[in-house]
Structures are given as C-alpha cells and as structure tokens.
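Working through the structure, step by step
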Amino acid sequence: MTLYAVFTFLTISTFVVMLLIDFLAWVNRGVQDIKTLHEIPCSRCRYFTGEYHLKCPVNPHAALTEAAINCLDFVGEY
Ligand code: SF4
C-alpha cells in the first residue's frame with residue numbers, strides 16, 4: 001500500500017510540474033508576442049491612414065504587420 005501511495009504521489013507530482021512548466025512557457029510566449037506587436041510603429045506613423053482598405057499608401061502590404069518593424073519609410077507624426 002505504501003509503495004502504491006509513493007508511486008501515485010510521484011505520478012501526480014510529475015504531472016503537476018509538467019503542467020506548470022507548460023503554463024509558464026505559454027505565458028512567456030504570450031509576453032514575447034505582445035512585445036513584438038508593440039514594436040510595430042504604424043500607429044505612430046504619418047503615413048498610417050487608419051482606413052481598413054488602405055492602411056498605408058507607402059507600404060500597403062507591410063502596414064500593421066511584423067514586416068513593418070524597422071520600416072525605412074517610417075515618419076513620426078509631429
Ligand atoms: S510607412 Fe511603414 S511604418 Fe509607416 S504606416 Fe507604412 S508600413 Fe507602417
């Protein structure tokens with residue numbers, strides 16, 4: 001009976017630790033994704049139109065995507 005209890009405890013503990021590690025990895029990925037999204041400069045750019053159909057006339061395919069990070073045509077609003 002004691003061996004069975006130890007085995008059950010180790011199994012459940014391992015499962016809980018694995019869940020905790022997976023949850024922390026999930027949170028870390030989410031934080032990294034949010035940091036990446038905050039690097040997109042379009043909302044602060046002079047060329048950003050805010051229109052759904054043409055967000056940026058200079059780089060329409062890159063606007064509001066990760067491709068716009070470090071955009072060479074970025075001009076800050078003044
Ligand atoms: S010029 Fe570049 S940074 Fe500015 S809105 Fe267009 S894609 Fe975004």
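Relevant structure appears above.
Residues numbered from 1 in each chain as written. Predicted model: local features only at pLDDT ≥ 70, side-chain atom pairs only at ≥ 80, totals over all residues.

1. Quick look at the overall build of the protein
Each helix and strand in the protein was counted, giving one helix and zero strands. Over its C-alpha atoms the protein spans a radius of gyration of 24 Å, topping by over 25% the 12 Å that the globule rule assigns to 78 residues. C-alpha atoms of the protein, sized along the principal axes, occupy 75 × 25 × 15 Å. Within the protein, contacts between residues separated by at least 24 positions form 47% of all contacts whose residues are at least 6 apart in sequence. (Helix = DSSP H or I, 4+ residues; strand = E, 2+ residues; numbered from the N terminus. Rg over C-alpha atoms; globule rule 2.2 N^0.38 Å. Contact = placed C-beta atoms within 7 Å.)

2. A word on the site of the ligand
Contacts to the ligand come from 14 residues, most closely from Cys-42, Cys-45, Cys-56, Asn-59 and Cys-71. Looking at the shell around the ligand, its residues break down into 12 nonpolar, one polar and one charged. (Near = placed C-beta within 6 Å. Nonpolar A, V, L, I, M, F, W, Y, C, P; charged D, E, K, R; others polar.)

3. Here we look at unusual backbone geometry
Phi at Leu-64 is positive, roughly 60°, even though this residue is not glycine. Note on placement: Leu-64 falls in the segment after helix H1 (2–38). Exposure remark for Leu-64: the 14 C-beta atoms within 10 Å place this residue in the partly exposed category. We note that Asn-70 has phi near 65°; this positive angle belongs to a residue other than glycine. Looking at the secondary structure, you find Asn-70 in the segment after H1. On the basis of neighbour counts, which here come to 9 C-beta atoms within 10 Å, the residue Asn-70 falls in the exposed class. (Buried ≥ 20, exposed ≤ 12 C-beta atoms within 10 Å, placed from the backbone.)

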